[in-house]
Amino acid sequence: MLPLLLAHAVAAAVAPWLVSRLGRRAFLLLALVPAAAAVWALTRTGAAHSASPPQLVLPWVPSLDLQLAFVLDPLAWLMVLVVGGVGALVLLYCAAYFDDDEPGLGRFAGCLTAFAGAMLGLVLTDDLLVLYIFWEATTVLSYLLIGHRPGSKVSRAAATEALVVTTAGGLAMLLGMVLVGEAAGTYRISQILADPPSGPMVAAAVVCLLVGALSKSAQVPFHFWLPGAMAAPTPVSAYLHAAAMVKAGIYLVARLAPGFAEEPVWAPVVLGVGGLTMLIGAYRALRQHDLKLLLAYGTVSQLGFLTVVAGLGGYNGGLTALTLLLAHAMFKGCLFLVVGTVDHLTGTRDLRELSGLGRRMPLLLATSVVAAGSMAGVPPMLGFVSKEMAYDTVLTRATEGGGLPDAVLLAVLVTGSVLTVAYSARFCLGAFGRRSGADDTPLHAPGRDGVLLVGVPALLAGLSLLAGPLSTLVEPWLEGYAELMPHAGHDVHLGLWHGFSPALGLSALTLGLGALLVWGRTAVERGQSVVPRVPAAERGYRLLMRGLDRLSLEVTGGVQRGSLPLSLGLVLGTTVAVTLGAVAVGLASGADLWPDSVTLWASPADLGIVAVTGLAALVAVRSRRRFRGVLAVGVSGYGVAALFALHGAPDLALTQVLVETVSLVVFVLVLRRFSGRFNDDATRKQRAVRTVIGAGAGVMATVVALIAAGARTATPASAGMDVTAVDFGGGYNIVNVILVDIRNWDTLGELSVVLVAATGIASLVYVRGNEVHEHNERLRQARVQRRRQVRPTTASRSWLPAADQVPERRRTVVFEVLARLLFHTIMVWSVYLLLAGHNLPGGGFAAGIVAGLGLTMRYLAGGRSELQVAVPVTPGALMGLGLFLSAGFGAVSILAGGLVLETWTFTWDVPLLGEVKVVTSLAFDVGVYLVVVGLVLDVLRSLGGQVDVQIEQEQGVDRQPAPSDPSKVGSDQGDADAAVAGRLSAGEEVGR
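Residues numbered from 1 in each chain as written. Predicted model: local features only at pLDDT ≥ 70, side-chain atom pairs only at ≥ 80, totals over all residues. Heavy atoms only, no water.

(A) Structural view of empty space enclosed by the protein. For the structure on display, the rule yields five cavities of 30 Å³ or more. In this structure, the second largest cavity spans a volume of roughly 40 Å³. Lining the second largest cavity we find L128, V180, I189, I192, L193, L209, L256 and F260. Only α9 (189-194) and α13 (245-260) provide two or more residues apiece to the lining of the second largest cavity. Element by element, the count of residues in the lining of the second largest cavity is highest for α9, at three residues. (1 Å grid on protein atoms, 1.4 Å probe; cavity = no way out; pocket = protein on both sides within 12 Å on 5 of 7 lines; lining within 4 Å. Points joined across faces, edges and corners; volume = space filled by probe spheres on them. Helix = DSSP H or I, 4+ residues; strand = E, 2+ residues; numbered from the N terminus.)

Structure, rendered in structure tokens:
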């Protein structure tokens with residue numbers, strides 16, 4: 001089973017390449033893949049109908065109990081034959097239908113092959129969640145196939161319509177799957193059906209499942225998407241909308257019937273919706289002039305018929321459902337391909353334009369008559385056998401206590417079948433008959449393509465014709481599914497003749513009344529034209545979509561107005577309301593949410609720190625100046641670090657202090673672009689709302705912390721990590737070992753997020769386009785002119801290499817001296833934290849922040865030019881190298897024969913140093929170190945250096961004194977030179 005699915009995936013992947021090399025002939029090779037699936041099913045016929053059908057179970061997501069479980073039981077066996085057999089014939093037909101220069105033909109071939117594979121997986125899987133995955137795969141692929149011609153507005157609209165409707169039904173179905181799976185304690189379909197759960201929740205789940213099935217099989221009120229999907233190429237209609245995709249809904253109903261057909265909600269939904277769909281589809285088919293639309297509405301009608309039969313339950317219903325499903329796949333697939341051939345050879349599908357094709361295309365006429373006869377239930381085709389079985393089954397139910405509902409259902413089936421006879425004859429007469437007073441429709445010779453254009457539908461029609469007389473031989477291969485359901489008496493059997501019976505009488509009545517409708521078709525058409533048109537369901541869909549669009553615009557305009565206070569208020573308010581609401585519901589239901597005991601403080605020092613932190617928080621809220629508010633927020637952060645230190649978490653305390661310090665620096669750098677005071681003069685009402693939201697957030701955080709502390713029932717994830725840290729990671733600093741050894745995949749993902757964040761920061765700050773380019777060009781010219789005019793003099797000495805490029809009014813000698821004295825010590829300390837972090841407080845993250853703070857000191861003392869001298873590489877290079885080291889360490893561990901990111905420890909005795917231990921995860925930690933350093937450097941160069949450039953441009957610092965004012969040339973030359981040098985450095989950085 002799995003090799004077949006993989007073969008479809010590979011074929012779909014290489015299909016575009018094959019089409020580019022072979023053109024439409026590539027379809028001949030692609031047809032081998034679904035054909036192989038059908039042949040495989042035939043070779044497994046005996047095993048599929050045995051007591052132990054073939055199955056394959058592979059674990060996939062153990063935490064969700066999700067398995068790749070597949071089984072070939074009688075129902076799956078028949079569906080594989082339909083999906084694979086019809087799929088192979090449709091692909092063969094495509095080799096003649098399309099031209100080599102068809103736009104997007106390679107993509108179309110890949111999608112159609114992938115669709116066949118998705119349907120194969122859908123009918124074989126024995127897991128509800130995996131079935132949903134394949135289900136949605138068919139939805140997406142059908143969207144791509146219907147919208148094959150993206151230049152057509154009609155194709156795009158039809159594809160979107162089908163996607164929205166079937167996806168909405170699929171989501172409802174997913175809810176039902178989860179409810180059923182949880183109620184049954186398993187998601188294996190075979191186990192659920194062997195012992196189906198019951199109860200109100202299961203009843204709701206069954207309704208949700210049926211919504212998904214009915215939307216997929218185009219049942220009322222979802223039926224409108226199928227006629228719209230006729231905008232797709234005809235082979236797509238023949239496969240997806242006649243033989244495969246719409247059968248997914250029928251398949252799901254048939255799959256669930258053995259376990260849930262006795263649910264009280266089953267019959268009203270399945271039988272009621274199916275019967276109504278059969279009548280509406282058949283009636284609307286009689287009003288169509290487009291052959292393809294006629295078949296589309298006829299398909300809707302036949303799918304309603306199939307839904308009714310599949311939902312009947314019992315042995316009779318099961319056997320009838322499979323017979324009708326097989327017959328429908330053959331005659332409907334054949335008729336759609338006939339329409340494709342007619343359209344291909346004449347250039348039209350309009351019944352009012354076609355005339356005289358039957359005389360010139362007798363084989364195609366015979367093919368159509370046989371397929372349409374099977375659809376209408378004319379003997380000896382298989383369609384007649386299945387329709388008589390359906391009559392017999394419903395008659396038996398009605399006469400054995402079914403009462404009025406079954407009598408009404410029988411009347412619906414007969415009425416729908418009468419209309420089916422009428423639109424089947426309308427198809428044949430309209431496509432191949434001769435209209436009085438009209439010339440024969442021009443017809444171009446099919447050439448060699450005619451073998452496939454006519455031969456493929458003729459083959460399907462021939463199978464439908466043979467299957468009727470041979471139906472008694474087919475019955476043993478269909479009754480395996482029916483045996484899963486209870487026998488209700490008077491079991492039906494396949495065959496053309498069962499004697500004179502009420503069912504035969506109903507069949508004769510159906511054909512007779514249908515013939516009357518055909519004979520009086522002119523009067524029927526006039527009558528239909530007089531009957532007012534009922535608003536189509538598609539109109540309701542469009543009104544609903546327009547309403548949703550309008551609602552989304554109104555909601556978006558109301559809550560997304562570019563106001564940061566409004567956005568934060570909505571986020572916090574929603575979070576507080578939902579969280580506290582859930583807590584309130586839990587308390588009202590009597591749940592015990594609170595911990596048994598709460599320790600308010602461990603020592604008096606806790607109270608002092610909390611008091612200072614709380615006071616700082618109040619100052620931050622009440623502050624009217626930005627800088628004061630930032631400092632108050634920083635004090636709160638340092639208070640949290642002090643609490644970490646008091647409670648024995650020095651590693652967390654160190655990290656908190658470093659992160660808080662970097663945050664303060666970033667805030668200060670950003671504040672340069674704002675005024676000194678907050679410009680938000682909130683009203684009293686706004687302040688009250690903010691107070692409520694802030695207090696609510698605080699209460700929510702406190703409540704969640706208390707509940708979380710007492711809610712744990714499972715063993716903590718940290719249990720045993722003190723031992724694992726030494727045995728697995730070779731270190732005594734549990735926090736660092738968790739980051740680089742135990743949860744290194746999480747850390748690797750966080751490093752990727754850091755890179756994305758850094759890229760976003762740089763993009764926002766450097767988004768100056770041509771202005772930056774022009775500024776860099778001016779700086780280049782100024783540098784050339786300065787080199788020509790300024791002669792080198794006695795070299796000056798400075799504490800920092802680039803300090804002379806800072807204007808004198810901005811220089812601080814004490815700061816420069818401290819930076820010179822402390823920078824190297826800080827960098828050495830960062831390396832020490834990096835190397836010692838496996839056993840002591842530190843690690844790559846903390847060490848990287850320390851190094852970043854050292855660079856921050858250099859920048860604050862000497863400006864952006866000094867930062868360039870200190871680290872003459874780009875931030876992107878550092879972060880890229882860091883991620884490469886961290887991810888590359890995982891690849892190296894695999895090459896060394898271990899697991900991904902596995903750690904090894906090496907110990908040597910080194911003279912004078914003693915025992916030296918090296919852990920290979922140090923390479924991972926070095927990567928973390930470089931990424932963090934690169935991030936801080938990126939922040940300094942974007943929010944620091946680049947903002948400096950923007951401020952200087954706005955203040956006019958880069959303008960030289962005008963020649964007309966010679967008094968300023970001498971006095972300000974030093975400042976101008978320093979400004980030019982600083983701008984040169986920044987300009988070079990912008991260019992990079």
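(B) Local environment of the confidence of the model for the chain. Confidence in the prediction for the chain averages 84 pLDDT; 90% of positions are at 70 or higher. Under a pLDDT of 50 for its full length, residues 790-796 has, in the predicted model, one contact with residues more than four places off or in other chains. In this model residues 958-992 is a low-confidence stretch, pLDDT under 50, and it forms 54 contacts with partners more than four residues away in sequence or in other chains. (pLDDT = per-residue confidence, 0-100. Contact = heavy atoms within 4.5 Å.)

(C) Spatial organisation of helix α28 (residues 604-622). If you check α28, its first and last C-alpha atoms are 27 Å apart, about what 19 residues at 1.5 Å a residue would give, namely 27 Å. Along α28, the positions that sit buried rather than exposed are D606, I609, T613 and A616. One side of α28 holds all its buried residues, which, seen down the axis, span an arc of 100 degrees. Exposed side of α28, more than 90 degrees from the buried face: P604, L615, L618, V621 and R622 are the residues found there. (Expected span 1.5 Å × (residues − 1). Buried < 20%, exposed > 50% of the residue type's maximum accessible area, 1.4 Å probe, protein only. Arc of directions from axis to C-beta.)

(D) The arrangement of the packing of helix α10 (residues 200-216) against α13 in detail. Between α10 and α13, the shortest axis-to-axis distance is 7 Å and the interhelical angle comes to 155 degrees. Relative to α13, the element α10 lies roughly antiparallel. Handedness of the α10/α13 crossing: left-handed. For the pair formed by α10 and α13, the contact residues are V202, V206, L209, L210, A213 and K216 on the first element and M245, V246, A248, G249, L252, V253, L256 and F260 on the second. In terms of residue class, the contact of α10 with α13 is built from twelve nonpolar, one polar and one charged. (Axes fitted to C-alpha atoms, helices over the stretch in contact; angles between N-to-C directions. Parallel < 35°, antiparallel > 145°, perpendicular 65-115°, else oblique. Left-handed = near helix turned anticlockwise from the far one by under 90°. Nonpolar A, V, L, I, M, F, W, Y, C, P; charged D, E, K, R; others polar.)

(E) Looking closely at a nonpolar patch on the surface. A grouping of W799, V813, V814, L818, L821 and L822 is seen on the molecular surface, where their side chains present a nonpolar patch of about 580 Å² in accessible area. Its location among the elements puts L822 in helix α36 (residues 813-836). (Patch = residues over 30% accessible without salt bridge, like charges linked within 9 Å, V, L, I, M, F, W, Y side chains within 5 Å. Areas by Shrake-Rupley, 256 points an atom, 1.4 Å probe, with all protein chains shown as cover. Salt bridge = Lys/Arg side-chain N within 4 Å of Asp/Glu carboxyl O.)

(F) Region of the structure containing the packing of helix α12 (residues 234-243) against α13. The contact between α12 and α13 brings their axes to 3 Å, and the two run at 10 degrees. Relative to α13, the element α12 lies roughly parallel. Across from Y239, L240, H241, A242 and A243 in α12, the residues of α13 making contact are M245, V246 and K247. Broken down by class, the residue content of the contact of α12 with α13 amounts to six nonpolar, one polar and one charged.

(G) Seen up close, the pairing of strand β4 (residues 914-919). Both strand β3 (residues 905-910) and β4 contribute to a ladder of six bridges, which runs antiparallel. By the bridge assignment, F906 is partnered in β4 with V918. (Pairing = 2+ DSSP bridges.)

(H) Just the packing of aromatic side chains, in detail. Summed over all chains, the structure comprises eight aromatic pairs. Centre to centre, the rings of W497 and F500 are 5.1 Å apart; their planes meet at 90 degrees, and the pair counts as edge-to-face. Taking the relative accessible area as the measure of exposure, F500 reaches 79% and is therefore exposed. Ring-pair connections join several aromatic residues into one group, and the members of that group are F27, Y93, Y97, F98 and F108. A cation over a ring is seen here: R858 above F823, with NZ or CZ 4.5 Å from the ring centre. (Phe/Tyr/Trp six-rings, centres within 6.5 Å; stacked < 30°, edge-to-face > 60°. Lys NZ or Arg CZ within 6 Å of the ring centre and 35° of its normal.)

(I) Layout of helix α29 (residues 626-646). With 21 residues, α29 extends 31 Å from end C-alpha to end C-alpha; this agrees with the ideal 30 Å at 1.5 Å per step. Of all the residues in α29, the buried ones are R626, G629, V630, A632, G634, S636, G637, G639 and A641. Residues of α29 that are buried make contact with α28 and α30 (650-671). Just beyond α29, the residue with positive phi is G648, at close to 75 degrees.

(J) Layout of the environment of L834. In this structure, L834 sits in helix α36. The buried category is assigned to L834, whose relative accessible area is 8%. On a C-alpha basis, the gap between L834 and V585 in space is 48 Å, while along the polypeptide they are 249 residues apart. Dropping the residues within four chain positions of it, L834 is found in contact with G843, G844, A847, L922, D925, V926 and Y929.

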